[in-house]
Amino acid sequence: MSQDVAVMLANYEPILRRFIRHEISGQEFETDFLSQWRGHRRQPGSPELDIINEIFYDVDEYVDDPDLRERAGGMDTATLRTKVRDAYLALYNCDPGSREG
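Residues numbered from 1 in each chain as written. Predicted model: local features only at pLDDT ≥ 70, side-chain atom pairs only at ≥ 80, totals over all residues. Heavy atoms only, no water.

## Examining helix H5 (residues 77-92)
At step 1: For H5, which comprises 16 residues, the first-to-last C-alpha distance of 22 Å matches the rise-based estimate of 22 Å (1.5 Å per residue) to within 8%.
At step 2: All buried positions along H5 are accounted for by Leu80, Arg81, Val84, Ala87, Tyr88, Leu91 and Tyr92. All buried residues of H5 project into a common sector of 125° when viewed along the axis, lining one side. Along H5, exposed side chains directed more than 90 degrees from the buried face belong to Ala78 and Ala90. (Helix = DSSP H or I, 4+ residues; strand = E, 2+ residues; numbered from the N terminus. Expected span 1.5 Å × (residues − 1). Buried < 20%, exposed > 50% of the residue type's maximum accessible area, 1.4 Å probe, protein only. Arc of directions from axis to C-beta.)

## Some words on helix H3 (residues 47-61)
For an α-helix, 3.6 residues make a turn, and residues three or four places apart therefore share a direction.
At step 1: With 15 residues, H3 should reach 21 Å at 1.5 Å per residue; the first-to-last C-alpha distance of 22 Å fits that figure.
At step 2: The inward-facing, buried residues of H3 abut helix H1 (3-20), helix H2 (26-38) and H5. (Contact = heavy atoms within 4.5 Å.)

## Quick notes on unusual backbone geometry
Glycine aside, residues mostly have negative phi, and peptide bonds are mostly found in the trans state.
At step 1: With phi around 65°, histidine 22 is a residue other than glycine that occupies positive phi space.
At step 2: One can find histidine 22 in the loop between H1 and H2.

Treat this as a map of the structure, not an account of what it does.
Set out below in structure tokens:
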């Protein structure tokens, strides 16, 4: 893994972990993740970047508002959290833990 990719992963880790642990809402995660993602888009390809890009696609499908989600479709917070947890396990090879609430 290149140093650039290692730095990128270090920057994403707290955002992903906080969302998985229910420390931030889906909307906060969406905002924080997209802000971070804008800074790494032009990095060379890597398996890790592919996983981050999959999270981007999941965030793009995320719809916080239940009424809008019912009319237009999209992913709810629980489904997004599950996908982010799976990505976290693949990226960092450990479980961030979960704090329901």
